[in-house]
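Architecture at a glance
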Protein chains: 2
Amino acid sequence: MIICGVDPGLTRCGVGIIEAGSARRLSFIHVDVIRSSPQDPQDIRLLAVFNGLSQKFGTFVPDVVSIERVFAQENRNTVLGTAQAAGLAMVAAAQRGIPVALHTPTEAKMAVTGNGQANKDQVQAMVAKILSLNEPPSPPDAADSLALAICHALRPSGAIQGGEREQHLTAAQKQWTDAVRSLKSKGVRRDM
Amino acid sequence: MIICGVDPGLTRCGVGIIEAGSARRLSFIHVDVIRSSPQDPQDIRLLAVFNGLSQKFGTFVPDVVSIERVFAQENRNTVLGTAQAAGLAMVAAAQRGIPVALHTPTEAKMAVTGNGQANKDQVQAMVAKILSLNEPPSPPDAADSLALAICHALRPSGAIQGGEREQHLTAAQKQWTDAVRSLKSKGVRRDM
């Protein structure tokens, strides 16, 4: 299955795409950072992030999008933009009928380094090792998005394979998948 | 000019549309509350709000969308959903090339009641009076969205008329309007 990790942000939004095969075998596909300029109006910045994410989802057609869960108690200067970027990632995925999973930064760090408090260098190094990259992904937003994808692939419910995907979905994700299947069976397109 | 006020929210998102003529003459056009169920997955809820807003902008073709400015220090339980809904309103407007203005709740209350600390009953009553409605708009989200539209029409820079609109735009809004005009002159559609 194809997993797209999103490290949400307004100035830099990381997008990392991997393939998870059998026996927890993970392969690197793509990584990029969507950027918007702090000099631009907020609506233009949000539109740039939305269009960038939507384009990635259209190009790589992930089976699931793994987005960092945002908490209200985070840095007040950036939390709103981060939450808005995460919301846009959810809408861009939902428009294409792609299920969404949310994972905390601690879960992502734990998944790739074994330490939920790992620093950025450690995350970058371990992401490179897990995905057999020649050098650590940079900037940290790129590495974090790949870590979120890896986190989803390696989460405790076990290795993911295409056929068994749905049994690992949350109740909400299952509900969504069922609704999309129902729409598809009626010939309704969701990617308008 | 047509002004659309948006009181952003995930459970209830108010949308109020008025026409601002010369001499600060304001007319009611439409009000509605877009709702999503807390029982639904977050991505489905956000998509419902986005689609609802985008549909309103497409139907009423406002000249400007006036959105409540969200602050990080607000209620932690709802601020992220509120910020995400505001972000979706900005993207839905930007996709159609509609300029966005942000106004604080205090500005909106001040504009309709003369008191930045007015309660919901006072706002509802004054919105009804200003727009010559037979009864106060309800729920409060509906009244608040109309208050945001009124606030934009009556802001201190003076009464707004179609022809003089641009001189009241912020530098960022001006930049956006210029960019849109440039695109339109090249035949590029932005409402894809």
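Up top you'll find the structure we're talking about.
The present account deals with the structure reproduced in this document. (Residues numbered from 1 in each chain as written. Chains lettered and ligands numbered in written order. Predicted model: local features only at pLDDT ≥ 70, side-chain atom pairs only at ≥ 80, totals over all residues. Heavy atoms only, no water.)

1. Notes on the relation of the copies chain A and chain B
Between the two copies of this chain, the relationship is a rotation about some axis together with a displacement along it. Cut-off, in case you're wondering: Copy-to-copy superposition: least squares on the C-alpha atoms, limited to residues that have pLDDT of at least 70 in both copies. Should any heavy atoms of two residues lie within 4.5 Å, those residues are counted as being in contact.
You can overlay chain A on chain B at an RMSD of 0.0 Å; the transform is a turn of 180° with a shift of 0.0 Å along its axis. With respect to symmetry, the two chain copies, as superposed, fit the operation of a two-fold axis. Scanning chain A for the C-alpha nearest the rotation axis identifies Q84(A), at a separation of 2.3 Å. A shared binding surface is used by both copies, with 100% of the interface residues of chain A retained as interface residues in chain B.

2. Overview of the packing of helix α3 (residues 105–113) of chain A against helix α5 (residues 140–154) of chain A
Residue and element names in this part refer to chain A. Short version of the rule: Axes here mean lines fitted to C-alpha atoms, for a helix over just the part in contact, with angles spanning 0 to 180 degrees between N-to-C directions. In this description a helix means any DSSP run of H or I spanning at least four residues, a strand means any run of E spanning at least two, and both kinds are numbered starting from the N terminus. Angle categories are assigned with fixed cut-offs, so that under 35 degrees is roughly parallel, over 145 is roughly antiparallel, 65 to 115 is roughly perpendicular, and the rest are oblique. When residue character is reported, Ala, Val, Leu, Ile, Met, Phe, Trp, Tyr, Cys and Pro are called nonpolar, Asp, Glu, Lys and Arg charged, and the others, Gly included, polar.
Look at α3 against α5: their axes get within 8 Å of each other, and the N-to-C directions meet at 75°. It follows from the interaxial angle that α3 and α5 lie roughly perpendicular. Of α5, the residues touching α3 (which contributes E107, A108, A111 and V112) are A147, L148, I150, C151 and L154. Among the residues making up the contact of α3 with α5, the classes are represented as eight nonpolar, no polar and one charged.

3. A few points about the sheet that holds strand β1 (residues 2–7) of chain A
Residue and element names in this part refer to chain A. Under the convention used in this document: We treat two strands as partners when DSSP finds at least two bridges between them.
If you trace the five strands from one edge of the open sheet to the other, you get β3-β2-β1-β4-β5, paired in mixed fashion. Because the sheet does not close on itself, it has two edges, and the strands there are β3 (26–35) and β5 (100–103). Each neighbouring strand pair of the sheet contributes to a mean axis angle of 20°, computed without reference to strand direction. Both β1 and strand β2 (residues 12–20) contribute to a ladder of six bridges, which runs antiparallel.

4. A look at the interface of chain A and chain B
When the parts of a complex come together, some accessible area is lost, and that lost area is often taken as the interface size. Cut-off, in case you're wondering: Accessible-area loss on putting two parts together, using a 1.4 Å probe and summing over both, is the definition of buried area adopted here. The salt bridge definition used is simple: a Lys or Arg side-chain nitrogen within 4 Å of an Asp or Glu carboxyl oxygen. Under the rule applied, a polar contact is a pair of N or O atoms within 3.5 Å (in protein, one hydrogen donor and one hydrogen acceptor; residues adjacent in sequence only if both atoms are side-chain atoms).
Contacts between the two partners involve 32 residues from chain A, matched on the other side by 32 residues from chain B. For the pair chain A and chain B, the summed buried surface comes to about 2,600 Å²; carbon and sulfur atoms form 74% of the total. The interface formed by chain A and chain B includes zero salt bridges. The interface formed by chain A and chain B contains two residue pairs in polar contact (both at pLDDT 80 or more). When residues of the side of chain A that touches chain B are traced back to their parent elements, those giving at least two are α1 (42–60), α2 (79–95), β5 and α6 (171–185) of chain A. Sort the elements by how many residues they give to the side of chain A that touches chain B and α2(A) lands first, with eleven residues.

5. So, the packing of aromatic side chains
The following threshold applies: Any Phe, Tyr or Trp ring, taking Trp's six-membered ring, that has another such ring centre within 6.5 Å forms a pair; planes under 30 degrees apart are called stacked, those over 60 apart edge-to-face, and the others tilted. Under the scheme applied here, a residue whose accessible area is under 20% of the maximum for its type counts as buried, over 50% as exposed, and between as partly exposed, the area being computed with a 1.4 Å probe on protein chains only.
Applying the stated rule across the entire model yields one aromatic pair over all chains. Seen in terms of ring centroids, F50(A) and F50(B) are 5.7 Å apart; in terms of plane orientation they differ by 35°. Their pairing is tilted. Here the residue F50(A) occupies a position in helix α1, and F50(B) occupies one in helix α1 (residues 42–60), the pair thus bridging two chains. Note on F50(A): relative accessible area 3%, which makes it buried.

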